[in-house]
Amino acid sequence: MSKNYLTRGGHGGGFCSLAYETSGKSRKLITCGSDTLIKVHDLDRYEEEGHGVEDVDHFGQAVSAVAVSPDGTRFAAGGDDRLVALFTMEDNEFERNVTRFPLPVRDLKFDNDGQYLAVASDDAEIKLVNVTDTEDIKTLEGHDGGVKSLAFNPAYPLLASSGADRTVRFWDLETHTEKGKITQCYSKEAASASLDGAPVNLCSVDWTADGTLLAVAGGLDVKAVSRETLQEVEGFKGGHIKNVSMVKFSKNGLYLMSIDEDGVVVIWDVENRESIRRFENPAKVLSGAWDPFTNAVALIADDGKYGMIPDVIPDDKPGPNEKVAGDGDGASVGDESDIDADLLDDDDFLKITGGESPEKAVGGGGGRSGMRYESARRNEPQAPFQPQSTPTEHKRRFLVFNHVGNISCRTEIAFNAIEIEFADINAHRAIRFNDFSGFSMAAMDNHGAIFASAESKERGGEVNPSQLHYRHFDPWAVQSDWTMALDAGESATAVTCGASFVAVATSHRLLRIFATSGLQTHVEMFAGAALCMHGHGNLLAFVHHTPVSPGPDDSQDLVFTLLDTTTRKGVAGGRVSLSPGATLEWLQVTDNNMVATMDSEGYVNVFAPALGLAGAWVPVLDIKKRNKPRDWFWPIRLDGECLTGVVCKEEKRFPDVLQPVLGRFELNMPLVKADAPEEEMLRGSLFVAASGVDDEEEVAARRLDLDKKLLQLINAACTAKKLLRALDLAKQIANEKALEAAITLAKRHRLSNLAERIDMYRQVRFAEEEEVEEEEGGWGVWDARTATASERRVASSSALKRSLKPSGLADTVRRSAYLPASSPLSPRHLF
């Protein structure tokens, strides 16, 4: 429910704006509006309604912009008169006209010295006017259309401007040339919409106090731009449902105020990019400013009334005007005087880097010349995420999108609207329900879906526990849905489900596993913060940080476990391999029970347990080599041949529509100058080695297909007279008949020496297979997992005896038929 904060009469209805006098000489607020008046409000007499307000009647048409000089001696105003005038602050007297424009004036800003006034209008030019010598005018040209907002950087000779051409441009004030620009910063509607001749959206821009970050309005989210790179960085997302019109940083840069086209005001914590306060007013708020002396903001609405909201920043946070490190002299937040002097001499507490002047050393002086001290802080580990979901800060998002279907969420004021859609519309009908628990995570498979919410606190201090809710899809289990609340202080951080289980990782570093009926079947503690998980069938892949993640080089140190939830035993596990400096973006258990990942550099890897001493991560696709420039691929599912997903823009990296078009990338291992058959052979061997014994027909079919590819490569090698390569390829063949076909190919190419060596290899290898079968005689199919202790001892003894024979290594090759020929286990030495 909105509260009427703006009760003081100011101007008639229509567009209004305001600005503070910030020098400290007086506490004055200046407002302007469509009634052609400028009003100067003495805030020391704010409680005396109707008193302490002086009118300045100079213009004949609406006044839309006002600015106060940094020294507090004068203010400037302009509007539909197309005229900019200066006034004295002491007595509010007209001083002089500064400049004229052919079109209405939209924004005014004084530079840091108060010498120049930047003026923006519906004309495409920006004028820099010397306020003491109005003949000294410099013009900045570049926008294609009107200029909407201006902001001088407080620490660098740089001016930012936003325009109706949807660009934000940066101007070098030493050369008066364009230094850079960002295109399509906001929507066409925000850039061009108007009401009664005034813009609906100001597309405001504003710098932080230290000049390192620029906030840009105009979209549903507030964009942020780095001064150093002039490129977008992480912005302020999820606070508005209408386009943001105005942005303003607090005096110390710790907080940002944003106002949208509905007049909703949101206060943000800049460091954490989190919204901390939200205000609504019955009349639409148009403009606002931070009080430079108190914990308050001043706002003005389209009905001409203005007011002040006190205690904007909560008591447990620094105020909007409190000093932070680097703001000035004296003890303050982050100041050296707050630090024990002994610590400053401790090399373990501080790390030293070169290249800075003594003035930038700790304390501003007395430090080691040319050295800069930084506190040895480690970056935070990557935050937990759901592998097949879109970011949580968006009003409409996918909680999960996979081969079964998708679960979408639309955030309303009092609830979330949840919709479950299925890829096979004949299997299930769409499910819709309203969520009042704040579900932010979900996973689904053919049997059901799990939803989870994090623990949250109401404004009054009441704690809402983290909730789990499982919804069955099986028609015979219509009354089997269940809901469970975690204990106070424990919050779900990642969830998934499979054919017979539900898994939840929590903030207490507990992995909780439930049956789909809600029965708790397993709980264990893991060593570091949870990152993500994925389930398939009865298998659960779980990734978490190690206790020292990220490492000294800021790389993520991750561990994974592939767990069989029916036996509660590990199937595979180990460290997760990532590209240097990358983060994990996706995780899946594939249909053939392999763990697949994709990192932020675009490498898709699968874990092959049969390789190396304890398995190895093998890259099967580099999406950056397959994408167009500035495109990204959002993965959904990987099989033996393709990666299915959605092509989207690299700056977003996720689909922003609820019915995205799916694409498929064929897997292609990043080999060095390899032809297609060689890549297919190596990739095929990887998936064959990973295949289980449950489906012998499928394994046999895969091996047969692989042998066909090997024969094609052998034929090409024979044609090129590359005999050693042909022999190495022949040693990868699993089937004796395929080896005989390779011998025939060698003979057809009249390569008798090659044919003889392949035949010798065939005789040794398959003769040993017959010997092994005789030794294993009545065992049938031997399984180490089910064999008795005595059977294992016999098997171990037999294996040792065979390994002592000169040709015994060939049997090892039979068991791992697709090891590279250069492997020490290969019988290549025999020839």
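As a starting point, this report considers the structure included with it. Note that this is a predicted model, so its numbers are computed, not measured.

Rules of the game
Residues numbered from 1 in each chain as written. Predicted model: local features only at pLDDT ≥ 70, side-chain atom pairs only at ≥ 80, totals over all residues. Heavy atoms only, no water. 1 Å grid on protein atoms, 1.4 Å probe; cavity = no way out; pocket = protein on both sides within 12 Å on 5 of 7 lines; lining within 4 Å. Points joined across faces, edges and corners; volume = space filled by probe spheres on them. Helix = DSSP H or I, 4+ residues; strand = E, 2+ residues; numbered from the N terminus. Nonpolar A, V, L, I, M, F, W, Y, C, P; charged D, E, K, R; others polar. Phe/Tyr/Trp six-rings, centres within 6.5 Å; stacked < 30°, edge-to-face > 60°. Buried < 20%, exposed > 50% of the residue type's maximum accessible area, 1.4 Å probe, protein only. Lys NZ or Arg CZ within 6 Å of the ring centre and 35° of its normal. Pairing = 2+ DSSP bridges. Salt bridge = Lys/Arg side-chain N within 4 Å of Asp/Glu carboxyl O.

### Examining empty space enclosed by the protein
Under the criterion given, the structure shown has three cavities of 30 Å³ or more. One number sums up the size of the largest cavity: a volume of about 100 Å³. In terms of lining, the largest cavity is formed by 15 residues, of which the most central are Gln388, Val400, Ala443, Thr496 and His534. Looking at the lining of the largest cavity, the elements with two or more residues in it are β32 (396-401), β36 (441-444), β42 (492-497) and β46 (530-536). In terms of residue class, the lining of the largest cavity is built from nine nonpolar, six polar and no charged.

### A few points about the packing of aromatic side chains
Taken as a whole, this structure holds 18 aromatic pairs when the rule is applied. Seen in terms of ring centroids, phenylalanine 75 and phenylalanine 87 are 5.2 Å apart; in terms of plane orientation they differ by 20°. Their pairing is stacked. Of this pair, phenylalanine 75 sits in strand β6 (residues 74-79) while phenylalanine 87 sits in strand β7 (residues 83-88), and the two are twelve residues apart along the sequence. Taking relative accessible area as the criterion, phenylalanine 75 reaches 0% and is therefore assigned buried. Feature note: the residues Phe59, Phe75, Phe87 and Phe94 constitute an aromatic cluster, connected by ring pairs. Sitting above the plane of the phenylalanine 101 ring, lysine 127 keeps its charged end 4.6 Å from the centroid. Lying across the ring of phenylalanine 236, arginine 273 places its NZ or CZ 4.8 Å from the centre.

### Some points on the pairing of strand β43 (residues 501-506)
Burial analysis of β43 places six of its six residues in the buried class, the great majority of the element. Alternating positions in β43 separate into two faces, Phe501, Ala503 and Ala505 on one and Val502, Val504 and Thr506 on the other, with burial throughout. Taken together, the five bridges between β42 and β43 define a ladder with antiparallel strand orientation. Bridge pairing links alanine 494 to alanine 505 in β43. Joining the antiparallel neighbours β42 and β43 is a turn of three residues.

### Description of unusual backbone geometry
Note that the residue after serine 549, namely proline 550, is joined by a cis bond; omega there is -5°. At lysine 721, a position not held by glycine, the phi torsion is positive, near 60°.

### Re the environment of proline 609
Its place among the elements puts proline 609 in the loop between β52 (603-608) and β53 (616-622). Here proline 609 falls in the partly exposed class, since its relative accessible area comes to 46%.

### A few points about the pattern of salt bridges
Pairing of side chains with opposite charge becomes possible as their charged atoms draw close. Within the structure shown, the criterion is met by 25 salt bridges. Of the charged contacts in the structure, one is a salt bridge between lysine 223 and glutamate 232, with a shortest N-O distance of 3.6 Å. Residue glutamate 232 is classed as partly exposed on the basis of its relative accessible area, which comes to 41%. Between arginine 575 and aspartate 557 there is a salt bridge, with its nearest N and O atoms 2.9 Å apart. With arginine 575 in strand β49 (residues 569-575) and aspartate 557 in the loop between β47 (539-545) and β48 (558-564), this residue pair connects regions lying 18 residues apart in the sequence. The exposure class assigned to arginine 575 is exposed, which follows from its relative accessible area of 53%. What you see here is one network of salt bridges that share partners, running through Arg74, Glu95 and Arg96.

Coordinates in, geometry out; function isn't part of it.
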